[in-house]
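Coordinate analysis (summary)
One-letter residues, chain by chain:
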Amino acid sequence: MRPTAPLILAATLAATAGLTSCGGGSGSDPDTVKVAYNRSTDNKIRFKDNHLAEVKKQFEKANPGKKVKLIPIQAQDNDYATKVQQMMRSPKTAPDLVYEDTFRINSDIKAGYLRPLDEYLAKWKTWDQFVDTAKAAAKAEDGKTYGVPDGTDTRGLWFNKEIFAKAGLPADWSPKNWNEILQAARTIKKKVPGVTPLNVYTGKAPGETSVMQGFEMLLYGTGEAGGNPLYDPGAKKWVTGGKGFSDALGFLKTVYSQKLGPDISDALDPNVGTTVFSEWLPEGKLAIALDGSWLGQNWLKTGGKPWPEWSKTLGQAPMPTQHGQAPGKVSMSGGWTWAITAKSKNPDLAWKFIERLQTKDNAVTWDIVDAQIAVRKDVAQDPKYTSSMPGITFFTGLVKHTHYRPTTPVYPQVSTAIGEAMEAATTGDTSPEKAAKSYDDQLKSIADGATVAAGGRG
Amino acid sequence: MATATKVAAAPTETPARPGPRRGRPLRWLPLAPATVMLLLFLGGPIAYCVYIAFTNMQLTGASSTDFVGLDNFQRAFGDDDFRNAVVLTLVFTLLSSLVGQNTLGLALAALMQRASRPVRTLTGSIVIAAWVVPEIVAGFLLYAFFRREGTLNALLDWLGLPSQNWLYTLPILAVSFANVWRGTAFSMLVYSAALSEIPKEITEAAEVDGAGGLGRFWHITLPMIRRSIGTNLMLNTLQTLSVFGLIWAMTRGGPGNRSQTLPVFMYDQAFNKSLIGYGTAVALLLLLVGAVFSVVYLRLMREEV
């Protein structure tokens, strides 16, 4: 035993040394930009991958010796965010450039994961082309800008005109209030059996999809608390106890308990968003979908589910307010931005890649292939953009009535709490009022007491 | 940790033994690598975990991490969802580990002992195949079995029985069954080994004395494999308490939180709600639940023998 002891000791020391060197070194290559982005969980959809690969080629050609390393993360939005946040915590894994959802960016800014871009933006002429709301999308509470948006989106009702014809409903349908939506859904349920009348996203699993497309499209249509039913930006307080909140949950309860929506277990499936555009709508199984402006991209020839007839089959209508109160229509907008991480070792090179992404041609191409609503004035006027897809003028028109989500760091947590309230009301586990109450309780702890009652302001 | 303490305690025993004094540190040397590794890779993370549980660390939304004392634990005990998760964890453990895996494993082992060789080999390999399949694959297989268009409902339809959406109506039962399906092989192996250790003479003697099959099982077999039962129960329970992948793949803790056991709750808090501190505190509490079970089993085993 004894003669071997020094040997083992030596081996241990060597192993430990190896481990330490793994931990300490391995800094990033100064000539490589690491770009992390989310890849669609639908394996047929690769718009972003293809576009980034193309820009990467341009970039490497224009900057000899420099390299771009694309890091696709194929995951649901929530899991993508978790993964990227974990990567950004350590300088060893932090990418240089990340694709950040505007609703989460403030949270990540607060966590110190991102780097302000003001010095770059000041020297960048193209920034003047961005509309003001877009410029504000990635502006933090400290007044600095942390991300460059590459497009936005709006939301409304998509409906299948063929099913509508069978049910005797008009092809230019435009509901004036929530009740008219429910009426149409009931008519379809009665006259066209086997078809799901209406899809409104709900529950925890679809993540922000259900909260924004489903719940907030309803909540912001109640017009409660002076048009800011979630968060009062003036008082910097979150709104509790709103009647609009329980009304919106009540709408979901009506849809799902009266079986006007898809089967609850389908609705609570994390992949329901993909199912809607790849199966239910093209196969004529769904009559009305409350969904986003980008759906059309999936049905292009290059899309995940080519469906050339969609522009004839589907119509669009704005989402009405609860009782038709002014302005009569409601929409929500989000969008994604490119941001440079705080732990990036090549911020200058990363910025150059952002500039490359935002050359006018690349920006136009991106907005077209990803069915984004343009946030740049020059792009919005480009004939290639305006003629890119049927319906694009309809959804660009909704920008007037659109709302943006509260840009505060705790929003993602609030969003999770809303998802839970939705799920409880949808499954019928609790009444809408009780679900709203338990949301209020969670909100108080999330916002650390910075809440204000909806009724209190009249 | 236990191994580490044992290792550290070793040098104190040496003075009793004869031998050259300078041998003492050298005697410890071969164990040093193991000690260092254990401290580094087992002790380190546990200590870090304990530290985080007392902070308000977040994955996003806050840049600083502060020490908050017992806040996370207080919050857990006041949290309806946490209590729901504890209850579901106990139901899940009781159903799938104690009742399911353990009893079924013993029954299979006992039956297999009497079966002919080919039957034994065949059954053995089928049951063990379920155990060898990786957890996440098993999760998807059982998801496919229980889902609305799945195998189970197809079978029920074929038999003319009413089908239902199992993952929606009875999620905790579905995941419990999945865990039984997956974990029974382990119990079966343990019990097969234990049963084959029982000397033939004793069973034969009991048979001569007129004991029937059940009597023999109750009076001879069970007492003789008591130790194995204890070990098996403990291993099963601890394994079941920490089942995550299976439930995550099948239901993600839903619908609502009707199948959200503690590990799923912990993941949800730490990574979906970004509350790493709170999630870690729940992890420590889970450790505590496991410790309570272990202590009970160890007690039982000591008293019985």
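Here the structure is a predicted model, which is why all the values come from computation and not from measurement.

Attention now moves to the overall build of chain A. Each helix and strand counted, chain A has 20 helices and 15 strands in total. Over its C-alpha atoms, taken along the principal directions, chain A stretches across nearly 85 × 50 × 50 Å. Looking at chain A as a whole, 49% of its 458 residues qualify as buried. In chain A, once contacts between residues fewer than 6 apart in sequence are set aside, the share between residues at least 24 apart is 75%.

As a further point, take the sheet that holds strand 4 (residues 148-149) of chain A. Residues and elements named next belong to chain A. Ordered by their spatial adjacency, five strands build an open sheet running 2-1-3-13-4, and the pairing between neighbours is mixed. Edge positions in the sheet fall to strand 2 (67-74) and strand 4, since each has one partner strand and no second. In the sheet, strand 1 (residues 32-39) pairs with strand 3 (residues 97-101) via two bridges, with the strands oriented parallel. Paired with valine 35 across the bridge in strand 3 is leucine 97. Across the sheet, helix 2 (residues 47-62) touches strand 1 and strand 2, and the angle it forms with strand 2 is around 170 degrees. Sheet strands in contact with helix 14 (residues 347-357) are strand 1, strand 2, strand 3, strand 4 and strand 13 (336-340), and its direction is about 155 degrees off that of strand 13.

Right, let's talk about the domain arrangement of chain B for a bit. All names here are of chain B. In terms of domain boundaries, chain B breaks down into domain 1 (2-53) and domain 2 (81-304). Placing the centre of domain 1 and that of domain 2 at their C-alpha centroids yields a distance of 35 Å. Counting residues at the interface gives four residues for domain 1, matched by six residues for domain 2. In terms of residue class, the side of domain 1 that touches domain 2 is built from four nonpolar, no polar and no charged.

Before going further, it helps to spend a moment on the environment of Ala62(B). By the element assignment, Ala62(B) lies in the loop between helix 3 (32-53) and helix 4 (71-77). Leaving out residues up to four positions away in the same chain, Ala62(B) has contacts with Lys110(A) and Ala111(A).

Below, the discussion takes up the environment of Glu54(A). Residues and elements named next belong to chain A. If you trace the backbone, glutamate 54 turns up in helix 2. We classify glutamate 54 as partly exposed; it has 14 C-beta atoms within 10 Å. Considering only alpha carbons, one finds glutamate 54 and methionine 319, 265 residues apart in sequence, at a separation of 37 Å.

In this section: the interface of chain A and chain B. Between chain A and chain B, the residue contacts involve 29 residues of the former and 23 residues of the latter. At the level of secondary structure, the elements contributing two or more residues to the side of chain A that touches chain B comprise helix 1 (4-24), helix 3 (77-89), helix 4 (102-110), helix 11 (264-267) and helix 19 (411-427) of chain A. The element best represented in the side of chain A that touches chain B is helix 19 of chain A, accounting for six residues. Considering only residue class, the side of chain A that touches chain B consists of 13 nonpolar, 10 polar and six charged.

What follows covers the UniProt feature "domain: ABC transmembrane type-1" (unreviewed entry) in chain B. Residues annotated in UniProt with the feature "domain: ABC transmembrane type-1" (unreviewed entry) correspond here to residues 87-297 of chain B. From the first C-alpha to the last, residues 87-297 of chain B spans 20 Å; its make-up is 81% helix and 0% strand.

Before going further, it helps to examine the confidence of the model for chain A. All names here are of chain A. Per-residue confidence for chain A gives a mean pLDDT of 86, with 93% of residues at or over 70. Mean pLDDT in chain A bottoms out at helix 1, which sits at 43, and peaks at strand 6 (residues 196-199), which reaches 96. Scored below 50 in pLDDT, residues 1-27 shows 14 contacts in the model against residues more than four places distant or in partner chains.

Here we come to the nonpolar core. Counting residues in each nonpolar core, the largest one holds 114 residues, and the members touching the most others are Leu249(A), Ala421(A) and Val282(B). By residue number, the principal contributor to this core is helix 19 of chain A, which donates eight residues. Not counting the four nearest positions on each side in its chain, Leu249(A) is found in contact with Ala421(A), Met422(A), Ala425(A), Pro432(A), Ala435(A) and Ala436(A). Membership of the second largest hydrophobic core comes to 52 residues, among which are Ala36(A), Leu52(A), Tyr80(A) and Tyr113(A).

Rules of the game
Residues numbered from 1 in each chain as written. Chains lettered and ligands numbered in written order. Predicted model: local features only at pLDDT ≥ 70, side-chain atom pairs only at ≥ 80, totals over all residues. Helix = DSSP H or I, 4+ residues; strand = E, 2+ residues; numbered from the N terminus. Buried ≥ 20, exposed ≤ 12 C-beta atoms within 10 Å, placed from the backbone. Contact = placed C-beta atoms within 7 Å. Pairing = 2+ DSSP bridges. Axes fitted to C-alpha atoms, helices over the stretch in contact; angles between N-to-C directions. Domains from an automatic or database assignment. Nonpolar A, V, L, I, M, F, W, Y, C, P; charged D, E, K, R; others polar. UniProt positions renumbered as here; feature names shortened; annotations may be inferred. pLDDT = per-residue confidence, 0-100. Core = buried A, V, L, I, M, F, W, Y, C linked by C-beta atoms within 7 Å.

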